[in-house]
Number of protein chains: 2
Amino acid sequence: MGSIPTERRKTRVLVFGSGGVGTMAAYALEDGGKAEVTAVLRSNFKEVLESGFTINSVDHGLIQSWSPSHIRNAMLNAESNSDPQPYDFIVVATKNLPDIPPDVASLIAPDVTPGTTAIALLQNGLNIQRPIIKAFPHNPVISGVPYIGAIEGPPGTINHVNHDRLIISPFYNGNIPREDSEGAARQFQRIYASCPNVTCIYEPRVEEARWRKLLYNASYNPIATLLRMDTSRMRASEFIIDELVRPAMKEIQATAREVSKVYLSDELIETIIRADNYKAFFRPSMLQDIIKGKLLELENIIGEPVREAQKAGVDTPTLKVLYSLLKGLQFQIKEAQGHLRVPESDEGLKYGMKQEGPDAKMERMEE
Amino acid sequence: MGSIPTERRKTRVLVFGSGGVGTMAAYALEDGGKAEVTAVLRSNFKEVLESGFTINSVDHGLIQSWSPSHIRNAMLNAESNSDPQPYDFIVVATKNLPDIPPDVASLIAPDVTPGTTAIALLQNGLNIQRPIIKAFPHNPVISGVPYIGAIEGPPGTINHVNHDRLIISPFYNGNIPREDSEGAARQFQRIYASCPNVTCIYEPRVEEARWRKLLYNASYNPIATLLRMDTSRMRASEFIIDELVRPAMKEIQATAREVSKVYLSDELIETIIRADNYKAFFRPSMLQDIIKGKLLELENIIGEPVREAQKAGVDTPTLKVLYSLLKGLQFQIKEAQGHLRVPESDEGLKYGMKQEGPDAKMERMEE
């Protein structure tokens, strides 16, 4: 495995996504001393090139004009092919938007050396590994479940408010030996954990870590987004927890058990319901996205759990309605961003006007 | 029944609510020549007192500085007791907000002459008659289901865009003879229908008219409100109709059949799905309310159908989630209007912070 570096050189890591999660990962990896990081920057390339990152971190303190070993402009991505040396790891910390091109696989393809580069997905949700394994069947794929409150403010400025805790697991893949998948995951965990100020844990069972985080992400995130409401107000109302949040969590619990033999306890559900700091009136990431008019990361966070439940015959009435409503919000964000166009006339639409008989007229509904 | 007037005088009608529905009702009643209307005005009293209503109506044309026979300031309502003559009819065209005081019954109480005044509820939703019959057990109560696109713009200015079609039925009440309930309803229908430009129909089966309108109001209204989306975009998306609107309508259909033996056809559902004029990109009333930060009329439109379904053992998974989400929106509107206060600390809250063991800490969910 080329992903095991010789003693002579540092591990070569390419980081995609330079928002909160990606930048803090790049920092931890370099701070640990075992990695040489190249960060691929998109929206903030110009600012970081000129004056580096400004990081205000609960773990690392205030860090000014910091840059990883190398930065690269995402817009010139194709040129990376000219780089002779392969990357040992590619860290993907972008938002996961399979419903909007380009997908993650085509984004990283120019930098993946077949059979060599291990791909670490520091992203939320279910089945994120599938398109990656399909595109790179002979490369190890690693799961990273991040617990880190890190948000980019102005371009190049990161505010990191909660301790960086990263849970690493292997995504197994029939095309390569299990020990190679495990070896790559363990090596990445060691490199990341060698930064003294962060917590990076290896968990053999990837499904457990992913379903556990979905308890929160598939319930509080969609409901907060639809209501444009912080999680403390939801708890103060009580009925939002009793009628929406807990039922959604119980449906994730039932689906995890049926689909992945992962057993999430009722006690864990009650703990997660109360996990946010009440006084912070916290707005989950998806709510922050819709307020900014950004696309919602909904397919892997709620779409895949709903589809897996359906296949397994698990009833998820709450999640299904929440998912369809979120798709309705996404539809409008896509329209606003020009990804789709709504016709001004209903000609040829599936739900265009009917030929109007008197009955149809009688049922005009405007109040 | 005192609600049957002598030939010598016009029928005395008091109209509560001077928005679109109430003002157009007041106009039709006076225009028909058989009624002498007193309108109780709240937000627009000053404007109407000074310069009357300005009405731009699809049925009546442009009408300027119009007033009913009498107007009264809602703020001085108690004084109405001094009026010696009883009202034959009270028309209630206010929004129905049982979750916010004052309720309709206490609003109209000073003007109801026991055993005499008939109360016509020109409001949407289910079970709106129950608190009225409870408060006035010996007065006839009349159902009015309005189909009229009439909205108040600036105070005293009404824009009326769809033909006024009003469906009148009796609400039966064990305390008074059925023929009295029917007589009062038929008399009101005659008085209203004597205006040549409107359509006012008598239907003996009140449940049918109410459930039929709920097909639209319990589906398009809540979904448009949660998505802040017009009904044409919903139809253009297709999946919003297939996954949310039609399922909600089918649940109303099933509940109407089980609870009221009212049979609403699938063909009617498909007609109502396409009923709005696509090119108008229509925003249902509840969506217009949330955009303006006004309280939502949700209890009788979706709360009661959900509760009736639950009692009857009808499964309404879509309506239940939509209802709970709408209550979450209403919670925030109530807070904004000062009807409730959200505590800054979680002390003593049902969903306050748990004593934190390491486990709880481990599950902090902020991303």
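Residues numbered from 1 in each chain as written. Chains lettered and ligands numbered in written order. Predicted model: local features only at pLDDT ≥ 70, side-chain atom pairs only at ≥ 80, totals over all residues. Heavy atoms only, no water.

A.B. asks: If you had to explain the overall build of chain A to someone new, which residues and values would you point to?
C.D. replies: Helix and strand counts for chain A stand at 14 helices and twelve strands. Against the globule reference of 21 Å for 367 residues, chain A gives a C-alpha radius of gyration of 22 Å, in line with a compact fold. With the principal axes as the frame, chain A shows a C-alpha extent of 85 × 50 × 45 Å. By the burial criterion, 59% of the 367 residues in chain A qualify as buried. Taking the intrachain contacts of chain A between residues at least 6 apart in sequence as the baseline, contacts between residues at least 24 apart amount to 71%. Surface exposure of chain A reaches about 14,500 Å², of which carbon and sulfur atoms provide 51%. Of the charged side chains in chain A, 41 are positive and 46 negative; the average position of the first set lies 2 Å away from that of the second. (Helix = DSSP H or I, 4+ residues; strand = E, 2+ residues; numbered from the N terminus. Rg over C-alpha atoms; globule rule 2.2 N^0.38 Å. Buried < 20%, exposed > 50% of the residue type's maximum accessible area, 1.4 Å probe, protein only. Contact = heavy atoms within 4.5 Å. Areas by Shrake-Rupley, 256 points an atom, 1.4 Å probe, with all protein chains shown as cover. Lys, Arg positive; Asp, Glu negative; His and termini not counted. Charge placed at Lys NZ, Arg CZ, Asp CG, Glu CD.)

A.B. asks: Pulling in residues and values, what's your account of the relation of the copies chain A and chain B?
C.D. replies: Each copy of the sequence occupies a distinct position, and chain A is placed on chain B by a rotation of 180° and an axial shift of 0.0 Å, giving an RMSD of 0.0 Å. The superposition operator between the copies reduces to a two-fold rotation axis. Take the interface residues of chain A: 100% of them recur as interface residues in chain B, which is what a same-surface contact looks like. (Least-squares fit on C-alpha atoms with pLDDT ≥ 70 in both.)

A.B. asks: Kindly report on the pattern of salt bridges, identifying the contributing residues and their values.
C.D. replies: Throughout the structure, instances matching the rule amount to 38 salt bridges over all chains. A salt bridge links lysine 250 of chain A to aspartate 266 of chain A, with the nearest nitrogen and oxygen atoms 2.8 Å apart. Pair noted here: lysine 250 of chain A is in helix α9 (residues 239-260) and aspartate 266 of chain A is in helix α10 (residues 266-273), with a separation of 16 residues, a long-range link. Residue aspartate 266 of chain A is classed as partly exposed on the basis of its relative accessible area, which comes to 42%. The partner of arginine 274 of chain A in a salt bridge is glutamate 270 of chain A, and the shortest N-O contact between them spans 3.3 Å. The class of arginine 274 of chain A is buried, set by a relative accessible area of 14%. Taken together, the shared-partner salt bridges connect Asp242, Arg246, Glu270 and Arg274 of chain A together with Lys350 of chain B into one network. (Salt bridge = Lys/Arg side-chain N within 4 Å of Asp/Glu carboxyl O.)

A.B. asks: Residues and numbers for the sheet that holds strand β4 (residues 61-66) of chain B, please.
C.D. replies: By way of backbone hydrogen bonds, the strands of a sheet pair with one another, either parallel or antiparallel. Residue and element names in this part refer to chain B. Taken in spatial order, the four strands line up as β4-β3-β10-β9 in an open sheet, and their pairing is mixed. Single-partner strands in this sheet number two, and they are β4 and β9 (150-152). For this sheet, the mean angle separating the axes of adjacent strands, direction not counted, is 15°. When strand β3 (residues 53-57) meets strand β10 (residues 157-160), the two strands line up parallel, connected through four bridges. (Pairing = 2+ DSSP bridges. Axes fitted to C-alpha atoms, helices over the stretch in contact; angles between N-to-C directions.)

A.B. asks: An account of the packing of helix α13 (residues 317-336) of chain A against helix α9 (residues 239-260) of chain B is needed here, citing residue identities and associated values.
C.D. replies: As a packed pair, α13 of chain A and α9 of chain B sit with axes 10 Å apart at the nearest point and diverge in direction by 145°. Crossing angle aside, the handedness with which α13 of chain A passes α9 of chain B is left-handed. For the pair formed by α13 of chain A and α9 of chain B, the contact residues are Val321, Ser324, Leu325, Lys327, Gly328 and Phe331 of chain A on the first element and Phe239, Ile240, Glu243 and Leu244 of chain B on the second. Class assignment for the residues of the contact of α13 of chain A with α9 of chain B results in six nonpolar, two polar and two charged. (Left-handed = near helix turned anticlockwise from the far one by under 90°. Nonpolar A, V, L, I, M, F, W, Y, C, P; charged D, E, K, R; others polar.)

A.B. asks: Residue-level account of the pairing of strand β11 (residues 165-171) of chain B, with values.
C.D. replies: Remark: a regular strand shows side chains that alternate across the two faces of the sheet. All names here are of chain B. Burial of β11 is extensive: seven of the seven residues sit out of reach of the surface. In the sheet, strand β8 (residues 141-147) pairs with β11 via seven bridges, with the strands oriented antiparallel. Looking at β11, one finds that isoleucine 142 is bridged to proline 170. Two elements, β11 and strand β12 (residues 199-202), share four bridges in a ladder whose sense is parallel. Its bridge partner being in β12, isoleucine 167 is matched across the sheet by isoleucine 201. Between β11 and its parallel partner β12, the chain crosses via helix α5 (residues 178-193), and the hand of that crossover is right-handed. (Right-handed = clockwise from strand over helix to strand, strands pointing away.)

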